[in-house]
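Reading the structure
Here are the chains, one letter per residue:
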Amino acid sequence: MRILPSDFRQKFSALCKSDSDAEYLLDIVTTNVVAKGDQLIVQDQFNDSLYFLWEGRLSMFLQAGEVRIAVGEVVPGRWVGELGFIDPGPTSANVLVEEESTLLVISRDGFEKLLQQRPEILSTLLQALSLDLAERLRETENHVLKRAGNDEFSLSVNNEQNDSHESWFDHIAKKLHGARGA
Amino acid sequence: MTFLEFLSGVPVFSDFTQDEIHLLEQTMMVKDYPQGQVFAKEGKTGNSLHLVVEGEVVITRESKEHGIDILQRLAPGDLFGLVSLVDQGPRSASCTAATHTKVASLPRSAFELLYKSHDRLGYHFQHMIARQLVHDSRAYSQALKSSILAYDRNKFYEALQPREQYRGTERRGNDRRRGERRTGYRPRIF
């Protein structure tokens, strides 16, 4: 499958500034086609790669014991795995393949290659990922702060209105993981 | 201890070379502030990235029920004001000196210069910013997972508390020299 740099730049406009940057990125990514039903990322396992979704559809969910919270879908033009790409470590959520998908993957080796050869592309990438993370953190914090010292929550517990109770966690999970296009 | 020595021991700058730390030291403005000094007001756009050098800064938010809620306590080595500088949005909460404090500030103009530059220092700075945001995201994610099962909001807030706190630059200096990172992480609410 051949992807034109101009098409890549159009789809991931925040992540690269020029067709030549896109061309370089396309040179260092590996293309993975994953089947519907596959689990791309398993929560809490080590990851250091960034996955751009070129085609298809992914979904994300959090698992804690038997509780599962769907946090939304990932559509073409978005990405997953950015936490581990920036700082290799455990993943924060599960990622399932909802439709056969084409992913463009930058591994840790790709990160190092960018750093050594094209640091300006890595800078653009880090800034775009940081902006996205900052916006998600802001939305998460606003939700967390909104309920700080707010009696609405305790009233819902006292009245055993668990729907309201659950939505507090659901909302934070969705804001934090920033599923877009859901 | 000089400010340069302090900066050398701060874990968030562990990837910086001594020359880069030195440049940062020259760019940041260190000032003493009295208790009660407001660094950033909720709803206003942030103009600086701040680093607590001495004392304690509290992150607060006005609440209809309780007046002022203290949401987070920041100690020496903690940064604040980051999200507002990165996404250029208004502050989510206010930051106030809880004691007599010494705070180092990087003005927005210098922040943007570093944040947009393509040299080695610029990259280290950008990576440091990105890692801070990742750490905060992971801290929230962990708090969420530890509280979902019980559906207990208090557990969520408890999980956000630091497991390990900064106790002095000497240990921090050792951390850096040994290439270690703090295992505990203090999430900040900006």
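Please read these numbers as outputs of a predicted model, since none were measured by experiment. (Residues numbered from 1 in each chain as written. Chains lettered and ligands numbered in written order. Predicted model: local features only at pLDDT ≥ 70, side-chain atom pairs only at ≥ 80, totals over all residues. Heavy atoms only, no water.)

Examining the overall build of chain B
Of the regular secondary structure elements, chain B holds seven helices and eight strands. Across the 190 residues that make up chain B, the buried fraction comes to 58%. Nonlocal contacts in chain B, meaning residues at least 24 apart in sequence, comprise 71% of its contacts between residues at least 6 apart. Of the roughly 8300 Å² of accessible surface on chain B, 49% is carried by carbon and sulfur atoms. (Helix = DSSP H or I, 4+ residues; strand = E, 2+ residues; numbered from the N terminus. Buried < 20%, exposed > 50% of the residue type's maximum accessible area, 1.4 Å probe, protein only. Contact = heavy atoms within 4.5 Å. Areas by Shrake-Rupley, 256 points an atom, 1.4 Å probe, with all protein chains shown as cover.)

Focus on the interface of chain A and chain B
Counting residues at the interface gives 51 residues for chain A, matched by 46 residues for chain B. For the chain A and chain B pair, buried surface summed over both sides reaches about 4300 Å², with 64% attributable to carbon and sulfur atoms. In this assembly, chain A and chain B are joined by three salt bridges. Between A:Asp44 and B:Lys145 there is a salt bridge, and its shortest N-O distance comes to 3.3 Å. Run the count over chain A and chain B and you get 11 residue pairs in polar contact (both at pLDDT 80 or more). Broken down by element, the side of chain A that touches chain B gets its largest block of residues, 17 residues, from helix α5 (residues 119-146) of chain A. The residue makeup of the side of chain A that touches chain B, split by class, is 25 nonpolar, 15 polar and 11 charged. (Buried area = accessible area lost by both parts, 1.4 Å probe. Salt bridge = Lys/Arg side-chain N within 4 Å of Asp/Glu carboxyl O. Polar contact = N/O pair within 3.5 Å; in protein donor to acceptor, adjacent residues only side chain to side chain. Nonpolar A, V, L, I, M, F, W, Y, C, P; charged D, E, K, R; others polar.)

Digging into the sheet that holds strand β6 (residues 79-80) of chain B
Residues and elements named next belong to chain B. Within the open sheet, the four strands sit side by side as β1-β8-β3-β6. Their pairing is antiparallel. The sheet is open, and its two edges are formed by β1 (29-33) and β6, each paired on a single side. Bridge count for β1 against strand β8 (residues 101-107) is five bridges, and the pairing is antiparallel. For Met29, the partnering residue across the bridge sits in β8 and is Ser105. Here helix α4 (residues 108-116) sits on the sheet and contacts β3 (48-54) and β8; the angle it forms with β8, its principal contact strand, is near 55°. (Pairing = 2+ DSSP bridges. Axes fitted to C-alpha atoms, helices over the stretch in contact; angles between N-to-C directions.)

A closer look at the packing of α4(B) against helix α5 (residues 120-148) of chain B
All names here are of chain B. Their axes nearest at 7 Å, the elements α4 and α5 cross at an angle of 105°. On the basis of the axis angle, α4 is roughly perpendicular to α5. Residue-level contacts link Phe111, Leu114, Tyr115 and Lys116 of α4 to Leu121, Gly122, Phe125, Gln126 and Ile129 of α5. When its residues are assigned to classes, the contact of α4 with α5 shows six nonpolar, two polar and one charged. (Parallel < 35°, antiparallel > 145°, perpendicular 65-115°, else oblique.)

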